[in-house]
Amino acid sequence: MSSKEKPHLNLVIIGHVDHGKSTMTGHLLYLCGSVSDRDLQKFEKEAELIGRGSFKFAWVLDKLKEERERGVTIDLAFYKFETKKYYYTIIDAPGHRDFVKNMITGTSQADAAILVVSAGTGEFEAGVSSTGQTREHALLAKTLGVDQVLVAVNKMDLADYKQERFEEIKNEMERNLKLFGFDMKKVEFVPASGMKGDNLDKKPDSMPWYTGPTLLDALDQFEIPPKPMDKPLRLPIQDVYTITGIGTVPVGRVETGVLKPKEEVIFQPTGKKAAVVSIEMHHENIAEAIPGDNIGFNCKGLSKKDVRRGDVVGHATKPPTIAKEFTATVQIIRHPSAVAAGYTPVIHCGTAQVATRFAELKSKTTKGETTAKPDFLKNGDGAEVLMIPTRDMVIEQYADFPQLGRFAVRDMGQTVAVGIVKKVTPK
Ligand code: GTP
Ligand code: MG
C-alpha cells in the first residue's frame, strides 16, 4: 500500500527537556526509511565535530544552529514516516519550558501523542516535579484535545533495563494521567531506549521481562479520530512561508470541513479574502484537504503581511467567529496566589495566543459547592468566567468546534488554568 492509501495520523512527541524526544523521533524515522544511512552518517560527523556525537539522531530534527549548539529543540519539526498500518506526520516538540508555546502549537495539531519520560536517575523525577514539564505537557495535550497518548519510558539503558524502574515510573505516571482525565485502559506504557534502539521496532533482548508491544506496534494501536467533513471549514494557521516562484504559503491543519482549490476563503480575524490556487501536502498537490491534513496552500494575491500564526481560515460564506467576549468553564490548575476579575493572562486557543481578561467571575465550584459571583479563584476551583480578548481573535463554542472551543491559560511561564468555551458573543 502506498502512503496515499494508508490512513494518516498526526503524532506529536512531547515531554520534559532532554528526555530524548528528538533522538527517539530521529531513530524512528531512520528505522522507517525516512532518513538515509548517508544522511545519518553526515549528522553523526557534524555532531562529533562539536563534541555532541550522541545527538546524531536528534540532529535529524534539530536543524537550527542554536538548537544544535545548545542541544535543545526550539521550534517544531514536521516529518513523515510509514508503518504497516498508517502514514504518520510526526511533530517533534521542544521540551524546554521557554518554548512551551511552540509545543502548544504542535500539540494543537495532533491526533495522538507520545509522552517521553526518561528512566534516568533523577531525570524522571525532575520531569514530574512541580517545575518540570512532564505533567504540564500531559495536561496541555488533554486540554488541546489529544485524548490518545502513549508513554514511552525512555533511556532504559540508563536504568540497566530494570523492570522495577519501569514499574515505578508507570505507577507514578498512571496516577497523574488519571487525574488529568485520560482513559487509562487505552494508555500504553512502552519501555525503550531511543538512542540504543531497544524496543523501537523489535522485541528487545535487553528487557526479557517485557511482554507488551514495541513502540512502532504501540503506535499502530492508535485510532484515527472522526473526520468532521460536514462542518464548516476551520483551518488554524500554524506558520506562513514565502516560497520563490509560488508566493505566500500559509500552513496549518484542517480541523473541520473540506478545502479545495479555486474556493474563496477568508482569513479571520483580519477578514482578508482570497481564492485558493493550489493545496499541497508533503510536497504533493492534492485535490482536496480534509480534517487531519497538514497542508500548505497558496492564494491569489495574498501577501505575507495578510496572514499570521493564529489566524483561522474558513470559507467566505461561513467565516470563523471573531469573539467580542465569551463565557467559559475554567479550571484553575496552578496559580501561585488567587485569580480575581481583571486578571489578564495569555490564552492559547488553536494556534492563537492572545492576552484575555477575566472580566467577570460568574460562579465558582469548590469541592462540589457552587457560589455565585466569587471575589477570587484558587487552585482546584472550577469557575464560569466571562472573558474578553484584548485583541481580535477567533474562538468558537466547544459544542460546534471542539478544537477551537478549548484553551490553555498561561502566565509566568506556566500553565495556570484550562478552559472550555460555552458561549461566544460574536463581534
Ligand atoms: P528537547 O527537545 O530540548 O526537549 O530535548 P529532547 O527531549 O529532544 O532530547 P534529545 O533527543 O535532544 O536528547 C537529550 C540528551 O539525551 C542527548 O544527550 C541524547 O543523546 C540523550 N539521549 C536521548 N535518548 C537517550 C537514550 O535512550 N539513552 C541515553 N543514555 N541517552 C539518551
Ligand atoms: Mg528535541
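Calculation criteria
Residues numbered from 1 in each chain as written. Chains lettered and ligands numbered in written order. Predicted model: local features only at pLDDT ≥ 70, side-chain atom pairs only at ≥ 80, totals over all residues. Heavy atoms only, no water. Helix = DSSP H or I, 4+ residues; strand = E, 2+ residues; numbered from the N terminus. Rg over C-alpha atoms; globule rule 2.2 N^0.38 Å. Buried < 20%, exposed > 50% of the residue type's maximum accessible area, 1.4 Å probe, protein only. Contact = heavy atoms within 4.5 Å. Areas by Shrake-Rupley, 256 points an atom, 1.4 Å probe, with all protein chains shown as cover. Core = buried A, V, L, I, M, F, W, Y, C linked by side-chain atoms within 4.5 Å. Pairing = 2+ DSSP bridges. Domains from an automatic or database assignment. Buried area = accessible area lost by both parts, 1.4 Å probe. Salt bridge = Lys/Arg side-chain N within 4 Å of Asp/Glu carboxyl O. Polar contact = N/O pair within 3.5 Å; in protein donor to acceptor, adjacent residues only side chain to side chain. Nonpolar A, V, L, I, M, F, W, Y, C, P; charged D, E, K, R; others polar. Expected span 1.5 Å × (residues − 1). Arc of directions from axis to C-beta. Donors = N, O, S within 2.8 Å, 3.2 Å for Na, K, Ca; no water. Near = heavy atom within 4 Å.

Undergrad: So what exactly am I meant to see when it comes to the overall build of the protein chain here?
TA: Across its full length, the protein chain holds nine helices and 22 strands. Over its C-alpha trace the protein chain gives a radius of gyration of 22 Å, about what one expects of a compact globule, namely 22 Å for 427 residues. The C-alpha extent of the protein chain, read off along each of the three principal axes, is 60 × 55 × 40 Å. By the burial criterion, 56% of the 427 residues in the protein chain qualify as buried. Considering only contacts within the protein chain whose residues lie at least 6 apart along the sequence, 70% involve residues at least 24 apart. As presented, the protein chain carries roughly 18,300 Å² of accessible surface, and 51% of it is formed by carbon and sulfur atoms.

Undergrad: It is not clear to me how the nonpolar core should be interpreted in this structure. Could you clarify?
TA: A general tendency of soluble globular proteins is for nonpolar side chains to be buried together. Residues Leu 11, Met 24, Leu 150, Met 173, Leu 177 and Leu 219 are the most contacted members of the largest nonpolar core, which totals 74 residues. Here the element with the most residues in this core is strand E4 (residues 112-118); it accounts for six residues. Here Met 24 is in contact with Ile 13, Val 116, Ala 152, Asn 154, Ala 192, Gly 194, Leu 200 and Leu 215, once residues within four sequence places are set aside. Counting 25 residues, the second largest nonpolar core, distinct from the first, contains Val 339, Cys 349, Phe 358 and Val 416.

Undergrad: Where do I start with the pairing of strand E12 (residues 294-299) in this structure?
TA: On a regular strand, each side chain points to the face opposite its neighbour's, so the side chains alternate between the two faces of the sheet. Across the six residues of E12, six count as buried, placing the element largely inside the fold. Here E12 shows two buried faces, one formed by Asn 294, Gly 296 and Asn 298 and the other by Ile 295, Phe 297 and Cys 299. Here strand E8 (residues 247-253) pairs with E12 via three bridges, running antiparallel. In the sheet register, Arg 253 faces E12, and the bridge partner there is Asn 294. As defined by bridge partners, strand E10 (residues 272-281) adjoins E12 across four bridges and the pair is classed as antiparallel. From the neighbouring strand, Val 276 faces E12, where its bridge partner is Cys 299.

Undergrad: Sorry if this is basic, but what is going on with the domain arrangement of the protein chain here?
TA: Think of interface size as the accessible area that goes away when the parts come together; that is how it is often given. Entries for the protein chain in the domain assignment read domain 1 (8-219), domain 2 (235-315) and domain 3 (323-426). Taken together, the contacts link 13 residues of domain 1 with 16 residues of domain 3. Between domain 1 and domain 3 lies a buried interface of about 1,300 Å² when both sides are counted; carbon and sulfur atoms form 51% of it. Linking domain 1 with domain 3 are one salt bridge, by the criterion used here. Among the salt bridges present, the one from Glu 136 reaches Arg 410, with a minimum N-O distance of 2.4 Å. Inspection of the domain 1/domain 3 interface yields five residue pairs in polar contact (both at pLDDT 80 or more). Those elements giving two or more residues to the side of domain 1 that touches domain 3 turn out to be helix H5 (100-107) and helix H7 (134-143). In the side of domain 1 that touches domain 3, the residues fall into five nonpolar, five polar and three charged.

Undergrad: Explanation requested: the pairing of strand E2 (residues 77-82) in the structure shown.
TA: Bridge count for E2 against strand E3 (residues 87-92) is six bridges, and the pairing is antiparallel. Across the sheet, Phe 81 pairs through a bridge with Tyr 88, a residue of E3.

Undergrad: What am I meant to see in helix H8 (residues 163-179) here?
TA: Think of an α-helix as 3.6 residues a turn; residues three or four steps apart then line up on the same face. With 17 residues, H8 extends 24 Å between its outermost C-alpha atoms, agreeing within 8% with the 24 Å of an ideal straight helix rising 1.5 Å per residue. For H8, the complete set of buried residues consists of Arg 165, Phe 166, Ile 169, Met 173, Asn 176 and Leu 177. Buried positions in H8, seen along its axis, are confined to an arc of 100 degrees and lie on one side of it. Opposite its buried face, H8 presents the exposed residues Glu 164, Lys 178 and Leu 179, each directed more than 90 degrees away. Residues of H8 that are buried make contact with E4, helix H6 (123-128), H7, strand E5 (148-154) and strand E6 (188-191). Positive phi shows up at Gly 181, right after H8, with a value of about 100 degrees.

Undergrad: Even after reading the chapter, I still don't get the pattern of salt bridges, so can you show me in this structure?
TA: Where charged atoms from two side chains of opposite charge approach closely, those side chains can pair. Counted by the stated rule, this structure contains 22 salt bridges. Glu 384 serves as the salt-bridge partner of Lys 422, at 3.1 Å between the closest nitrogen and oxygen. Of the two residues, Lys 422 is situated in strand E22 (residues 414-426) and Glu 384 in strand E20 (residues 382-389); the sequence distance between them amounts to 38 residues. Assessed through its relative accessible area of 46%, Lys 422 is described here as partly exposed. The network of salt bridges with common partners includes Asp 111, Arg 253 and Glu 255.

Undergrad: Hey, could you run me through the coordination of the magnesium ion (ligand 2) in this one?
TA: Ideal geometry at a metal centre gives angles of 109.5 degrees when four donors are arranged tetrahedrally and 90 or 180 degrees when six donors are arranged octahedrally. Surrounding the magnesium ion (ligand 2) are the protein donor atoms Ser 22 (OG) and Thr 73 (OG1), at 1.9 to 2.1 Å. With Ser 22 in helix H1 (residues 21-31) and Thr 73 in the loop between helix H4 (65-70) and E2, this pair connects stretches of sequence that are 51 residues apart. Residue class for Ser 22 comes out buried when judged on its relative accessible area of 7%.

Undergrad: Just to check I follow, could you spell out the site of ligand 1 for this structure?
TA: Neighbouring ligand 1 are 21 residues; Lys 21, Ser 22, Thr 23, Thr 73 and Asp 157 lie closest to it. Here an oxygen atom of ligand 1 and a side-chain polar atom of Thr 23 are 2.5 Å apart. For ligand 1, the protein covers 93% of the area, taking 650 Å² as the surface of the free molecule. Broken down by element, the shell around ligand 1 gets its largest block of residues, three residues, from H1. Residue composition of the shell around ligand 1, grouped by class: six nonpolar, 11 polar and four charged.

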